[in-house]
Number of protein chains: 4
Amino acid sequence: MTSKSIKRQVFEVLEKGQGNDYWSRRFDIFIMTMILLNVAAVIMETVESIHDGYIEVFDYFEYLSVFVFSIEYVGRVWTCTYLENYKHPFWGRIKFIFSFMAIIDLLAIMPFYLPLFFSIDGRVLRVLRLFRIIRIFKMGRYSTAFNMIVRVITKRREELLVTLTIVFVMLILASSLMYYVENEAQPEAFRSIPETMWWGVATLTTVGYGDVYPITPLGKLLGAFIAILGVGIFALPAGIIASGFDSEIKQRIKEKEEKEF
Amino acid sequence: MTSKSIKRQVFEVLEKGQGNDYWSRRFDIFIMTMILLNVAAVIMETVESIHDGYIEVFDYFEYLSVFVFSIEYVGRVWTCTYLENYKHPFWGRIKFIFSFMAIIDLLAIMPFYLPLFFSIDGRVLRVLRLFRIIRIFKMGRYSTAFNMIVRVITKRREELLVTLTIVFVMLILASSLMYYVENEAQPEAFRSIPETMWWGVATLTTVGYGDVYPITPLGKLLGAFIAILGVGIFALPAGIIASGFDSEIKQRIKEKEEKEF
Amino acid sequence: MTSKSIKRQVFEVLEKGQGNDYWSRRFDIFIMTMILLNVAAVIMETVESIHDGYIEVFDYFEYLSVFVFSIEYVGRVWTCTYLENYKHPFWGRIKFIFSFMAIIDLLAIMPFYLPLFFSIDGRVLRVLRLFRIIRIFKMGRYSTAFNMIVRVITKRREELLVTLTIVFVMLILASSLMYYVENEAQPEAFRSIPETMWWGVATLTTVGYGDVYPITPLGKLLGAFIAILGVGIFALPAGIIASGFDSEIKQRIKEKEEKEF
Amino acid sequence: MTSKSIKRQVFEVLEKGQGNDYWSRRFDIFIMTMILLNVAAVIMETVESIHDGYIEVFDYFEYLSVFVFSIEYVGRVWTCTYLENYKHPFWGRIKFIFSFMAIIDLLAIMPFYLPLFFSIDGRVLRVLRLFRIIRIFKMGRYSTAFNMIVRVITKRREELLVTLTIVFVMLILASSLMYYVENEAQPEAFRSIPETMWWGVATLTTVGYGDVYPITPLGKLLGAFIAILGVGIFALPAGIIASGFDSEIKQRIKEKEEKEF
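No experiment lies behind these values; they were computed from the predicted model shown. All chains use their own residue numbering, which begins from 1 and follows the written sequence. Labels are handed out in written order, letters beginning with A for the chains and numbers beginning with 1 for the ligands. With the structure being a predicted model, the display of local features is reserved for residues of pLDDT at least 70 and the display and counting of side-chain atom pairs for 80 or more, all residues being used for whole-chain, interface and lining totals. As a convention, hydrogens and water are excluded, and side-chain values are obtained from all of the structure's heavy atoms.

Draft legend 1. The interface of chain C and chain D, seen in detail. Tallying the contact residues gives 38 residues for chain C and 41 residues for chain D. Of all residues in chain C, Arg126, Trp198 and Tyr209 of chain C give up the largest surface area on contact with chain D, accounting jointly for 20% of the area buried on that side. By salt bridge we mean one thing: a side-chain nitrogen of Lys or Arg within 4 Å of a carboxyl oxygen of Asp or Glu. Counting every contact that joins chain C to chain D gives zero salt bridges. In protein, a polar contact means a hydrogen-donor-capable atom and an acceptor-capable atom, both N or O and within 3.5 Å, with residues adjacent in sequence counting only if both atoms are side-chain atoms; elsewhere, any N or O pair within 3.5 Å suffices. For the interface between chain C and chain D, the tally reads four residue pairs in polar contact (both at pLDDT 80 or more). Of all the secondary structure elements, the ones that give two or more residues to the side of chain C that touches chain D are helix H2 (22-45), helix H7 (122-131), helix H8 (144-155), helix H9 (157-182), helix H10 (193-204) and helix H11 (217-260) of chain C. A helix here means a DSSP run of H or I that spans at least four residues, while a strand means a run of E at least two residues long, and both kinds are numbered starting from the N terminus. In terms of residues, the side of chain C that touches chain D owes the most to one element, H11 of chain C, which gives ten residues. Classifying every residue of the side of chain C that touches chain D by side-chain character gives 27 nonpolar, five polar and six charged. In what follows, residue pairs with any heavy atoms lying within 4.5 Å of each other are defined as contacts. Two parts lose some accessible area (1.4 Å probe) when they are put together, and adding that loss for both gives the buried area. Gly counts as polar in this scheme, as do all residues outside two lists: the nonpolar Ala, Val, Leu, Ile, Met, Phe, Trp, Tyr, Cys and Pro, and the charged Asp, Glu, Lys and Arg.

Structure follows, in structure tokens:
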């Protein structure tokens, strides 16, 4: 068996399995499980009682995960030359390293290696530990859900920008007006326009925590108008994502049906 | 009149009446009324004043209900062999017993029989009493609403899974970020990522009880972005159910119109 | 001029003006103004400072309104025989009196006449005064908005019933489960299933006042699941009304365009 | 170079650049930047610490902005005669001055000039400073988002009016009923129908701050019904704006595709 054939085999195992490749599919399931367990670990670690009771388990699992993800990363960089886009042994690999998924792969193992090479203080270390949550994005290679949401956002980019602009202008206007009306009565909660925006977002998204709300009659009147008119405006981006998602799904169904025939 | 003809009659009465079968329809209405009264009883029993005042009425009604539902269950198991799917006298009946609606029928009477055969402590008994609320699902045989929602969820299974995955990933990311930002300022409410998820669900579904919300400027900025962007994502499953429901209704109308011609 | 021609004239003035009938349109505008002023009066009267300052104005305006609406009512009953549906001098009028809009017309003036014929205590009197808000429905004759919402609800009757059933079942299940989980920790707020339904409605409609919410870990987990899944279910009736409204509007536009050609 | 050619040049620079006119596009970007910086300045000025630290920067920036916007305004009035609609040297300019965008342009600089000509007390001065937020509307000339929302609202004017009427009637009815039911138990929060409307808006838009909510059993029952039924009604205007936006976007995409061929 030549060296090239090993590289080829590694490449095929790393790539998403096509259904008939036993080892490749096994590997996909293994990586997926590792990712999910990692996300669970990051979440669970923040629960004090669990963290304190199983600190060693978490540590060993982290070593194992970084080991696996590091090998996976090296393997991908090594074998990426089989892909049409990254053919060139040197420039192809550089290009690959700066591709979106490869950056995610690198960022996913970074929090482990950085403290080995640089002296990092405790606070930053804590951020780094939490930063491991980025490993969730490694699922992007395997999950339809990830691909779909990325495609919808890419396709509807323009509409989303337009509606988000409207949302932002609406928020500025509503908050400026409310700031002026309520500032005197509640100098704490409506201290400035940026702080009034907290009220604005809570109201226009209809979350309405209830930590800030107008108390003057004029403020309530203004707040009522803003709520009635603004809720519709704030629903626009949601509507665009939903409709984009809908047509994406319909297209997938159509493609599936065409394959079946 | 032979034994078989009695079995046939029982079968036809138990089956949903087809409009021209007087006794079968009467029986349907009787069972529906029993189910509705049972649901009402479970709900009303939890109101202390009603419970204390009518404790005997509730008990006798429970005996009557279990009696009726038990006969119904036995009848259904006995006569299920008339159905194409459950023809075989033994294996057909076994298969029938493990069908969804038959399990519901059994679970609906279980809470009464279990304490007769096993010694059960008070706390579990209370759960069992409440468990009778499962009788509401017996309505599934008669109600269009039940059938429709089941059909919509079955048909849109995949899309619902995809969007629920996105919702869950969104929730994890939002809660992880917010946990890191707010944990120091509010160690009680944002004690861990799982606990921060309570804030995440309340915000992203726009319920916004107001028991937890960010108080630091950075937390508010993050919360505002999460609310504006996340609400659209969380609206996806609702949109899929709504659109599935819509097309289900349109199909029903079309079928009705075709029948009329 | 014969008596019949006066009746005819009264009938035409009372009927909604067709654009070229000067007096009929004037009368429509007059009645509309009276209705709007009446609604404003009922609302304003509840503000103590306004009520105390203008008590006589409100009283005189009420006399005037009842006078006008009484004449209108008598006129409509008198002339209804011109309508195809209410031809018969006696039975036609009886039928007319029990038509929806005529009942509204009668209920709108009742609160004034009842205390003249029956001795009514203070509390009931107050209800009667507020009951005048029903005059808002008299707008139904003139307002497109009223007609449209009535038509949408009538047309989508079945779908609304189906979805409202689902909403109700969902509410019962969510509240029963939450009652069992939270009852011990918060015996006040989750005292019984009916009281837990207050939490259920606030959560599933996403209003989320924040007066009741689960505090136990299990209650929060259950609440999160209910919120994520239930919000979609509770959005169903809204979606049906919205889509019904949409098609109603499209039809109206089409009809308009056809008229123009 | 004749005077007319300068006027022509000024006109072309002021008009929105068509892609190949270098100076015109530069000028557009310059004005857009000025507008955005102005909006940011108005917002930032309200933050005390920023205001106190950079008071002179804000003042100088205001002088510069008014200078630029004044020249822009004079230039537009001077050169508007090139536009078909405002040809006449005198009446055309008068007509232009009263056009929507020109009024915005004037209002945008007014807050600076008014105090120079009239003696204005401190409170009004503060309103005037905040009034500069109106400069955000100057973006209307350049932003697709602004044009789109204006077009959607103009096109769906009628539907919006119809649904807003329904929303308003719903609000009046819900608040009148709730006022009557809760007034006795909570005379503060439900003091009058107009004050109860604050509860009505918070509930029906599902904002639900939680500052007011019914506490009597009857009030809760009524509140639950209003929430379940009313939320659908209040979603109507949002639905119309969303669907109007959707068709506007589809039309734009179609127009683009047609241009490309």
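Draft legend 2. Local environment of the interface of chain A and chain D. With 41 residues of chain A at the interface, the matching set in chain D holds 37 residues. Around 3300 Å² of area is buried between chain A and chain D when both sides are counted, 74% of it from carbon and sulfur atoms. At the junction of chain A and chain D, the tally comes to zero salt bridges. The tally of links between chain A and chain D comes to four residue pairs in polar contact (both at pLDDT 80 or more). Within the residue set of the side of chain A that touches chain D, elements represented by two or more residues are helix H9 (157-182), helix H10 (193-204) and helix H11 (217-260) of chain A. Residue composition of the side of chain A that touches chain D, by class: 24 nonpolar, twelve polar and five charged.

Draft legend 3. A look at the relation of the copies chain A and chain D. We superpose the copies by least squares over the C-alpha atoms of residues that have a pLDDT of at least 70 in both of them. Mapping chain A onto chain D is achieved by rotating through 90 degrees and translating by 0.0 Å along the same axis, at an RMSD of 0.1 Å. The transformation relating the two chain copies, once decomposed into turn and shift, fits a four-fold axis.

Draft legend 4. Inspection of the domain arrangement of chain A at higher detail. For the purposes of this description, domain bounds are those given by an automatic or database domain assignment. Domain boundaries assigned for chain A yield domain 1 (3-142) and domain 2 (157-260). Here domain 1 of chain A and domain 2 of chain A have C-alpha centroids that lie 37 Å from each other.

Draft legend 5. Geometry of the pattern of salt bridges. What the rule picks out here adds up to 62 salt bridges over all chains. We note a salt bridge from Arg135 of chain A to Glu62 of chain A, for which the minimum N-O separation is 3.1 Å. With a gap of 73 residues between them, Arg135 of chain A in the loop between helix H7 (122-131) and helix H8 (144-155) and Glu62 of chain A in helix H4 (residues 55-79) connect regions that are remote in the sequence. Classification of residues uses two cut-offs on accessible area relative to the type maximum, computed with a 1.4 Å probe and protein chains only: under 20% is buried, over 50% is exposed, and between them is partly exposed. By relative accessible area, Arg135 of chain A is classed as buried at 0%. Where Arg191 of chain C meets Glu188 of chain C, a salt bridge forms, and the shortest distance between an N and an O atom there is 3.6 Å. Residue classification places Glu188 of chain C among the exposed residues on the basis of a relative accessible area of 57%. Within this structure, Glu72, Arg76, Asp105, Lys138 and Arg141 of chain A form a network of salt bridges that share partners.

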